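# Structure at a glance
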Amino acid sequence: MKKRAKSTNKVLEEEESLCCCEYVDRHGRRSHVAACCCECDDLDEACDRWLKKEPQKPDSMSRLINTVSDRVRVPWLWGGARRADLSVVPPLVLLPVFLHLAALHPLLGVIVLTALPVLVLWYYYITHHKKGRTLFFLSLALFSLAYMYFLFFTEVYWRGDTGPFQLGVVTLGVALTLVALHHTKRQPGYVRPSPAQTHSTVTYHSPPPDRDPALNGAHEVVIAHRAGSSELPEEEMKQKEGGPGGQGGWCSVCRLLRPPRAGHCRICGLCVLRMDHHCVWINNCVGQANHHSFLLTLLLFLLTSLYGVSLVLQSVCPRQNVLTALLYCPGVYNQYSSALCFTCAWYSSMVTGGMLHLLVLQLLNVSSNVTEREARMALRDNTARRHLWGLVVDTGVYSRGFRSNWVEFLTMSHLPPSTSHTDLV
């Protein structure tokens, strides 16, 4: 025990003594950001096989990607260099390029505005199939909001087409949307083991290799067990892993007993209370503790976007009605700044349409007292009834009427935010 304690203290001292450009790589070795291209065995092997025209190993590309993502670091003032997520970069580069390209000609605008959502859906399909975490969609959402506000300020307000009041309303809407988004990302409400299930608690001062590298700093791992669970027969254990209609049960991954309507997220790797779904646009789950703020974020974004788009269309198409300006705006491509504003209005309208569809589905689910996860499970098991052309899914389990369902949702208890991420093993 003394030797183990000494080795642990030695590791902590080494980690605390890291300078701003040093870090501990995924193999546990101390490295420097200046050595990002040095001693890369995976890259050397891949290049050697390519030069010799030999087939690559099945896992060579995955190992190379992991090595590159591990070595791309940003110098930090304390705790060593932080890992930079490469999925943040494409939206920052591609979105302005695509929008400026679409403003050159109407035909290019049609091609770009058609290809952009196709590329986003294709990337969503890839990441959703692999069940991996990515900051691409959150980066795209935040940068789109910031870039649209920047263009509104420089191309519309600065030319005098709108006044300080309109600018103040748009600024207030953007600020409130970001505040609501920040509150939504705090915590969805993770399932915590009861004291009877908790065996011990271990504190780590660096992220484990199988967890999200963005979780820096000390965090706890609660080792939980269910008394006698290992002694239960296999058939009984399968019955306790979940019941129909979103009932709780034993989670074999988190090793704890879930309450009713809780679910396990395979992307976050944790169980969430009253889990609705994992939203890629916020890179987090939507559950009991953040469902209210999630709907508020959608509502604030929609109101701000609709008001901003109407102001832009009134600026570039003053003689047209706002409802018809998107479809018919003669002479808008005669000036590049007007064409850019018109293209951004189209892009914002497409994003607004998608968010409006999501908000409508959420409101219908709340009215029926069903979560998105429960609706998918019921449709998969053919135990649900669909209404309004399939928009409303009635599982017939928790619904108590329209008014009672909304009262239950609005009075749903919130959980206090946690300052540390907890892994349940």
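Residues numbered from 1 in each chain as written. Predicted model: local features only at pLDDT ≥ 70, side-chain atom pairs only at ≥ 80, totals over all residues. Heavy atoms only, no water.

## Considerations on the nonpolar core
Condition: As used here, the term nonpolar core means buried Ala, Val, Leu, Ile, Met, Phe, Trp, Tyr and Cys residues forming a set that is joined through side-chain atoms within 4.5 Å. For the exposure calls, accessible area comes from a 1.4 Å probe over protein chains only, and a residue counts as buried if that area is under 20% of its type's maximum, exposed if over 50%, partly exposed in between. Each helix is a run of H or I in the DSSP string that is no shorter than four residues. Each strand is a run of E no shorter than two, and both are numbered from the N terminus. By definition, residues are in contact when any of their heavy atoms lie within 4.5 Å.
Core analysis: the largest hydrophobic core is formed by 35 residues, its most contacted members being Phe 152, Phe 294 and Leu 313. Elements represented by at least two residues in this core include exactly α6 (136–157), α7 (164–184), α9 (291–316), α11 (336–368) and α13 (402–410). Per-element accounting of this core gives the leading share, ten residues, to α9. Setting aside residues up to four positions removed in sequence, Phe 294 forms contacts with Thr 184, His 277, Cys 279, Ile 282, Val 286, Leu 358 and Gln 362. Core analysis: the second largest hydrophobic core is formed by 18 residues, Leu 116, Phe 137, Tyr 147 and Tyr 347 among them.

## As for the packing of aromatic side chains
Filter applied, for reference: Here is the rule: rings of Phe, Tyr and Trp (six-membered ring for Trp) pair when centre to centre is within 6.5 Å. Planes less than 30 degrees apart are stacked, more than 60 are edge-to-face, and the remainder are tilted. A ring has a charge above it when a Lys NZ or an Arg CZ is no more than 6 Å from the ring centre and no more than 35 degrees off the ring normal.
By the definition in use, this model includes eleven aromatic pairs. Consider the rings of Tyr 123 and Phe 136, whose centres lie 4.5 Å apart with planes at 50°: the pair is tilted. Taken as a pair, Tyr 123 in helix α5 (residues 106–130) and Phe 136 in helix α6 lie far apart in primary sequence, 13 residues in all. The exposure class of Phe 136 is buried, given its relative accessible area of 12%. Seen in terms of ring centroids, Phe 143 and Tyr 147 are 5.6 Å apart; in terms of plane orientation they differ by 20°. Their pairing is stacked. Placement of both Phe 143 and Tyr 147 in helix α6 is noted, with a separation of four residues, approximately one turn of the helix. Ring pairs connect the aromatic residues Tyr 123, Tyr 124, Phe 136, Phe 137 and Trp 281, which therefore count as one cluster. The residue whose ring lies beneath Arg 261 is Tyr 398, and the NZ or CZ to ring-centre distance is 4.0 Å.

## Concerning the packing of α7 against α9
The criterion, for reference: Lines fitted to C-alpha atoms define the axes, with helix axes restricted to the stretch in contact, and inter-axis angles between N-to-C directions lie between 0 and 180 degrees. If an angle is under 35 degrees, it is roughly parallel; if it is over 145, roughly antiparallel; if it lies from 65 to 115, roughly perpendicular; otherwise it is oblique. By definition, turning the near helix anticlockwise from the far helix through less than a right angle yields a left-handed crossing, and turning it clockwise yields a right-handed one. In the scheme used here, Gly and all other residues not listed as nonpolar or charged are polar, with Ala, Val, Leu, Ile, Met, Phe, Trp, Tyr, Cys and Pro taken as nonpolar and Asp, Glu, Lys and Arg as charged.
Direction vectors running N to C along α7 and α9 enclose 155°, while the axes themselves pass 9 Å from each other. Classified by the angle between their axes, α7 and α9 sit roughly antiparallel to one another. Viewed along their axes, α7 and α9 form a crossing whose handedness is left-handed. Across the interface between the two elements, Gln 166, Val 169, Val 170, Gly 173, Val 174, Leu 176, Thr 177, Ala 180, Leu 181, His 183 and Thr 184 from α7 touch Ser 293, Phe 294, Leu 296, Thr 297, Leu 300, Phe 301, Thr 304, Tyr 307 and Leu 311 from α9. Here the residues of the contact of α7 with α9 are counted per class, giving twelve nonpolar, eight polar and no charged.

## Regarding helix α12 (residues 372–380)
If you check which residues of α12 are buried, you get Arg 373, Glu 374, Ala 375 and Ala 378. Those residues of α12 that are buried are in contact with β9 (263–265) and β14 (392–394). Of the residues trailing α12, Asn 382 is marked for its positive phi of about 55°.

## A closer look at a nonpolar patch on the surface
Put simply, the test is: For patch building, the residue pool is restricted to those with more than 30% relative accessible area and no salt bridge; the joining distance is 9 Å between like charges and 5 Å between nonpolar side chains (Val, Leu, Ile, Met, Phe, Trp, Tyr). Here, Shrake-Rupley sampling with a 1.4 Å probe gives the accessible areas, and only protein chains in the shown set may cover a residue. Every case where a carboxyl oxygen of Asp or Glu lies within 4 Å of a side-chain nitrogen of Lys or Arg is listed as a salt bridge.
Together, Leu 101, Leu 104, Leu 107, Leu 108, Ile 111 and Tyr 336 make up a nonpolar patch on the protein surface, roughly 540 Å² of accessible area in all. Considering the arrangement of structural elements, one finds Leu 107 in helix α5. Given the relative accessible area of 54%, Leu 107 is considered exposed.

## Concerning the confidence of the model for the chain
Threshold: The pLDDT score gives, residue by residue, the confidence of the prediction method on a 0 to 100 scale.
The pLDDT averaged across the chain works out to 77; a share of 68% of its residues lies at or above 70. pLDDT under 50 marks residues 1–15. Its contacts with residues more than four places away, or in other chains, come to five contacts.

## Remarks on unusual backbone geometry
One non-glycine residue with positive phi stands out, namely Asn 283, at about 55°. With respect to the helices, strands and loops of the structure, Asn 283 is situated in the loop between β11 (277–279) and β12 (284–286). Asn 283 gets classed as buried once you look at its relative accessible area, which sits at 8%. Notably, Asn 369 is not glycine yet its phi reads approximately 55°, a positive angle. In this fold, Asn 369 is placed in the loop between α11 and α12.

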